[in-house]
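Structural overview
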Amino acid sequence: MSHSPIGIFDSGYGGLTVFRSIAEKLPQYDYIYLGDNARAPYGTRSFETVYQYTLECVQWLFEQGCPLVILACNTASAKALRNIQQVNLPRQFPDNRVLGVIRPTAEVIGQYTKSKSVGILATPGTVKSESYRLEIEKFFPDIAVFQQACPLWVPLIENNAFDTPAASLIIEQDIKKLLEQSEKIDTILLACTHYPVLMSQIKRMLPHPLQIISQGAIVAESLADYLKRHPEMETRLSQNASQSFYTTDDALDFETHAPLFFGSTVHAKHVRIG
Ligand code: DGL
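As a starting point, this report considers the structure included with it. (Residues numbered from 1 in each chain as written. Predicted model: local features only at pLDDT ≥ 70, side-chain atom pairs only at ≥ 80, totals over all residues. Heavy atoms only, no water.)

Okay, the overall build of the protein next. Helices and strands together make up the secondary structure of the protein, namely 13 helices and ten strands. Looking at the protein residue by residue over its 274 residues, the buried ones come to 57%. Total accessible area computed for the protein in this model is approximately 12,000 Å², and 50% of it derives from carbon and sulfur atoms. The averaged location of the 28 negative side-chain charges in the protein is 4 Å from the averaged location of its 24 positive side-chain charges. (Helix = DSSP H or I, 4+ residues; strand = E, 2+ residues; numbered from the N terminus. Buried < 20%, exposed > 50% of the residue type's maximum accessible area, 1.4 Å probe, protein only. Areas by Shrake-Rupley, 256 points an atom, 1.4 Å probe, with all protein chains shown as cover. Lys, Arg positive; Asp, Glu negative; His and termini not counted. Charge placed at Lys NZ, Arg CZ, Asp CG, Glu CD.)

A word on the packing of helix α2 (residues 47–63) against helix α4 (residues 81–92). Packing of α2 against α4 leaves a shortest axis separation of 12 Å and a crossing angle of 40 degrees. On the basis of the axis angle, α2 is oblique to α4. Where α2 crosses over α4, the two elements pack in a sense that is right-handed. For the pair α2 and α4, the contacting residues are F47, Y51, T54, L55, V58, Q59 and F62 in the first and N83, I84, N88, L89 and Q92 in the second. Classifying every residue of the contact of α2 with α4 gives seven nonpolar, five polar and no charged. (Axes fitted to C-alpha atoms, helices over the stretch in contact; angles between N-to-C directions. Parallel < 35°, antiparallel > 145°, perpendicular 65-115°, else oblique. Left-handed = near helix turned anticlockwise from the far one by under 90°. Contact = heavy atoms within 4.5 Å. Nonpolar A, V, L, I, M, F, W, Y, C, P; charged D, E, K, R; others polar.)

Turning to the pairing of strand β5 (residues 117–122), a few remarks are in order. Regular strands place their side chains on alternate faces of the sheet. In terms of burial, β5 is a largely internal element, six of the six residues being buried. Judged by which residues are buried, β5 turns out to be covered on both faces: S117, G119 and L121 on one side and V118, I120 and A122 on the other are all buried. Note that β5 and strand β6 (residues 144–149) share six bridges and pair parallel. When the sheet's bridge partners are listed, L121 is paired in β6 with Q148. (Pairing = 2+ DSSP bridges.)

This is how it looks when you write it as structure tokens:
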């Protein structure tokens, strides 16, 4: 059987938190992870730029033989997924599929909140796109969505500077701004795949215990369900339990930082894109 891995893409390291859950749930498949670290963060970039960068990376993953690519990045899911699905796939890659992380999260968010008030922490790009508000509204019109953009969180995480007193101040301020929007918020969604590495920091900063949701397990469950419902895709995927990691920046840097997000060591290769 030819090598037909599942492609997993993020602007940098964040998608590894999703990949980790996917690999736990579906270890049998082959995977290629691509982090566009050289051009991260995406969260403060324009719609056009995020679309162009994401498309280039998706195309590269298709060229590596991936018939299915997961955008394990909320910003790319918010700003590029619809165009890729509606314009690029039908014209250029009609047999391939690209899935994002926003819809699967919106589909299940109602299971978590009792007060029907959800707080969302995300990049400026994701917040500005209003994707979460729109998607959650489709499934749970009675849930109120409150959003806070956290423009500095991804740069702090990508540069491994998130565990400093200055970073703590910034993170605490953003959480405060979110919670000030409504006393009813009982659930906080980490709507950026980089943020799970801040989980314990965030928990320590909350004025009272709240439910904090990260997306890894949700996306893994949704992918398993998708593959059950789409045997025509599932049977195309090769199953040798292999994992390859690529970064557009320095491979050694990637290998140093990846374990924090992925939970185990990885071997990475550099690739030039764009
Ligand atoms: N992991 C990406 C997300 O989920 C971060 C985007 C960025 O590079 O700013 O939004």
